[in-house]
Amino acid sequence: MQILSRVTLTFGIITLIAAALLLGKDVIDINQLHAVANANRSTNFPSPLNTVLITAVLAVIGGFLTGLGLGMPKRLPRTTPH
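Residues numbered from 1 in each chain as written. Predicted model: local features only at pLDDT ≥ 70, side-chain atom pairs only at ≥ 80, totals over all residues. Heavy atoms only, no water.

1. Some thoughts on the overall build of the protein
At step 1: Within the protein one finds two helices and zero strands.
At step 2: Looking at the protein residue by residue over its 82 residues, the buried ones come to 6%.
At step 3: Total accessible area on the protein is roughly 7,600 Å²; 71% of this is exposed by carbon and sulfur atoms. (Helix = DSSP H or I, 4+ residues; strand = E, 2+ residues; numbered from the N terminus. Buried < 20%, exposed > 50% of the residue type's maximum accessible area, 1.4 Å probe, protein only. Areas by Shrake-Rupley, 256 points an atom, 1.4 Å probe, with all protein chains shown as cover.)

What follows is the structure in C-alpha cells.
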C-alpha cells in the first residue's frame with residue numbers, strides 16, 4: 001500500500017501544479033477580457049477576477065480538508081489492560 005500512497009501523492013501534486021498554471025492563465029485571460037469590455041463603455045463594471053481567485057482558494061482548502069479527513073483513521077485502536 002505504500003507504493004499506492006506515493007503514486008497518489010505524486011499524482012495529487014502534479015494535479016495541483018497543473019491547476020495553479022491554469023489558474024494563472026485564467027487570471028491573464030480575465031484581465032484581458034475585462035480591459036476590452038471596459039474600453040468603450042462609459043461605466044465600469046467590477047472585474048470577476050476576485051471571485052475566481054476566492055473560488056479557487058476555497059476549492060483547494062476544501063480538497064485538502066476532505067483528503068485529510070479521509071486519510072485519518074476511523075477509530076482509535078482499543079487498548080486492553082494487562
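2. Quick look at the pattern of salt bridges
At step 1: Scanning the model with the defined rule gives one salt bridge in all.
At step 2: Two residues, K25 and D29, come together in a salt bridge whose shortest N-O distance is 2.8 Å. Here K25 and its partner D29 are both found in helix α1 (residues 2-39), four residues apart, which amounts to about one turn of the helix. (Salt bridge = Lys/Arg side-chain N within 4 Å of Asp/Glu carboxyl O.)

3. Quick notes on the UniProt feature "transmembrane region" (unreviewed entry) in the protein
At step 1: According to UniProt, the feature "transmembrane region" (unreviewed entry) maps to residues 48-70 in the numbering used here.
At step 2: The span residues 48-70 shows a helical share of 96% and a strand share of 0%, and its end C-alpha atoms are spaced 33 Å apart. (UniProt positions renumbered as here; feature names shortened; annotations may be inferred.)

4. Observations regarding a nonpolar patch on the surface
At step 1: Taken together, the side chains of V57, I61, F64, L65, L68 and M72 define a hydrophobic patch exposed on the protein surface, amounting to about 600 Å² of accessible area.
At step 2: Structurally, L65 can be placed in helix α2 (residues 49-71). (Patch = residues over 30% accessible without salt bridge, like charges linked within 9 Å, V, L, I, M, F, W, Y side chains within 5 Å.)

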